[in-house]
Every structure is written in structure tokens, then in C-alpha cells.
Amino acid sequence: MTTSSSDSKPGDAIGEPRLPHGFEWLKLVASHYTGALDETGEQRYRQVLAERQREASCKQCEKYRDWNLKYSPTVIFMREQIEKLGGQVGRKHILCDHCDEYKAGGFNPSLGVLLCQNHVANRLHLEDTLAHELIHAYDEMKFHVDWTNLKHHACSEIRASNLSGECRMTNEIFRRGQFRLTRQHQECVRRRAVLSVMGNPNCKDEDMAKKAVSQIWDSCFNDTRPFDEIYR
């Protein structure tokens, strides 16, 4: 898996206007709040503000990513297991970027792992997301997943939601407002797997996604490899 990233900052590319910094930016902010900007100036202010926010969220995401690569037991373990299979998912294979879709991350067998900087709430959320995507990477190496096959896709989604920690009770209650006294974990895994499979281009509707998840549920939910049990 390979991916590429650039050290250039927004506005550094040839032909793109340079982002204002320092007193230049403060002047633009002051002009906005005092109503001194015309329509073109206001549009420029909004564009610059969005770029600065995007740059700040990228730096925060990369900080969370690097911390988890160094200290998260789950992330470290999953990377070790992928390496045993002959793969590698290092810092350069894990990209933080702005995502238009409402998701926290994604995995592409050819490109690596995407972390959606504008949807990652905190370091723990990023840890769950990164663990989820690393399980997909492990499955790709271990089982040679056909991602166009809905059953294959559903199985990896079940395993990723089951083992990553994203369906722990505290996440369901405080992050998603979901609370059940019984089978909370299983319901979370099933719900999230269905939503992910629905995003597959070969999935026509929710019923098809639910059918794919149900058909392989028992075997995939009970498959905790490379863990001995549900760790998180």
C-alpha cells in the first residue's frame, strides 16, 4: 500500500493566491467585523477562514495520528500483525484530509488509510477510527478481500466495528446517544456494518446491505483474528 502526501501548504501552489498571515490576516479580520469589506472581500475572507481552519484541523489530526502510532496498544499491535503478513502501514500511508462525506475515515488497498480531519472529534475517536481501518488493512493482507463482493465487504466491516473499540458502550451512549441494556455491542456492530456496505457501489439499497451482513454474521462476528478475543 502506498500513498503520497505533500508538505506544501494551501496557497503555496503555483497560480494560487498566498494565504494572508500575521498582520495581513488581522487586518482582513478587522475589516470583516467592522463591515469594511465589499462582497468580493467578504468572499475572500470566508475562503481564507475556511483554509486556515482546514490547516489547523489537519495539524491536530496529524498530532493525534502520530501519538496513536507511538502509544496506542491496539494500533501498535495491528501494525505488527500487518507487518507479519508482509504489509506495511506507516505514517506515510495514513493521510489526514478534509472529507465532504460524513465519515471518520476510510481504507483503500492501493492508497492506504484516510483519516477525516473534520470529523475526528478527539484522540480517542481517532484511535478507534485508525484501529478500524487497520483491521481492514489486515483483512486485505490475510484474506485477499474482494471489496466489490458485498459479503466480503460486510465481513470486514463486521470485524472492524467489532474489534476496533468503536462500539464500546461509552461511545454508543455519549457519542451517538444509543443505549440498550442487552445486545448493545452486537446491535452497534450490525448497524455500522450495514451503513458501510450501503456505500458500496454494488449495493442497491439498505435491504441488500442487511442481507449481506446477515448471511455472514455468525462466522465474521466470532472471528476475532488477530486478537484472541474482543480486546477493546
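Criteria and cut-off values
Residues numbered from 1 in each chain as written. Predicted model: local features only at pLDDT ≥ 70, side-chain atom pairs only at ≥ 80, totals over all residues. Heavy atoms only, no water. Axes fitted to C-alpha atoms, helices over the stretch in contact; angles between N-to-C directions. Helix = DSSP H or I, 4+ residues; strand = E, 2+ residues; numbered from the N terminus. Parallel < 35°, antiparallel > 145°, perpendicular 65-115°, else oblique. Left-handed = near helix turned anticlockwise from the far one by under 90°. Contact = heavy atoms within 4.5 Å. Pairing = 2+ DSSP bridges. Expected span 1.5 Å × (residues − 1).

In the annotation of an unreviewed UniProt entry, the protein is listed under the name Mitochondrial inner membrane protease ATP23 and assigned to Lipomyces orientalis.

Peer 1: Sorry if this is basic, but what is going on with the packing of helix H1 (residues 22-33) against helix H2 (residues 39-71) here?
Peer 2: Axes are the key here: two packed helices are described by the angle between their axes and the distance separating the axes. Remark: H1 packs on H2, axes separated minimally by 10 Å, with the N-to-C direction vectors making an angle of 125°. Here H1 lies oblique to H2, going by the angle between them. Considering the relative orientation of H1 and H2, their crossing is left-handed. Residue-level inspection shows Trp 25, Leu 28, Val 29, His 32 and Tyr 33 of H1 in contact with H2, the latter providing Glu 42, Tyr 45, Val 48, Leu 49 and Arg 52.

Peer 1: Please clarify how the sheet that holds strand S2 (residues 105-108) should be interpreted in this entry.
Peer 2: Pairing between the strands of a sheet comes from backbone hydrogen bonds, and it takes one of two forms, parallel or antiparallel. Ordered in space as S1-S3-S2, the three strands form an open sheet in which the pairing is mixed. Of all the strands in the sheet, just strand S1 (94-97) and S2 have a single pairing partner and so form its edges. Adjacent strand axes in the sheet meet at a mean angle of 20° when their direction is disregarded. In this fold H2 packs onto S1 and strand S3 (112-116), with an angle of close to 155° to the strand it touches most, S1. The sheet strands contacting helix H4 (residues 123-143) are S1, S2 and S3, and the helix crosses S2 at an angle near 15°.

Peer 1: What should I look at first to understand H1 in this one?
Peer 2: Side chains three or four residues apart in an α-helix point the same way, a direct result of the helix having 3.6 residues per turn. In this model, H1 (twelve residues) spans 17 Å end to end at C-alpha, consistent with the 16 Å of a helix rising 1.5 Å per residue. Where the residues of H1 are buried, they touch H2. Within two residues after H1, Gly 35 carries a phi angle of roughly 75°, on the positive side.

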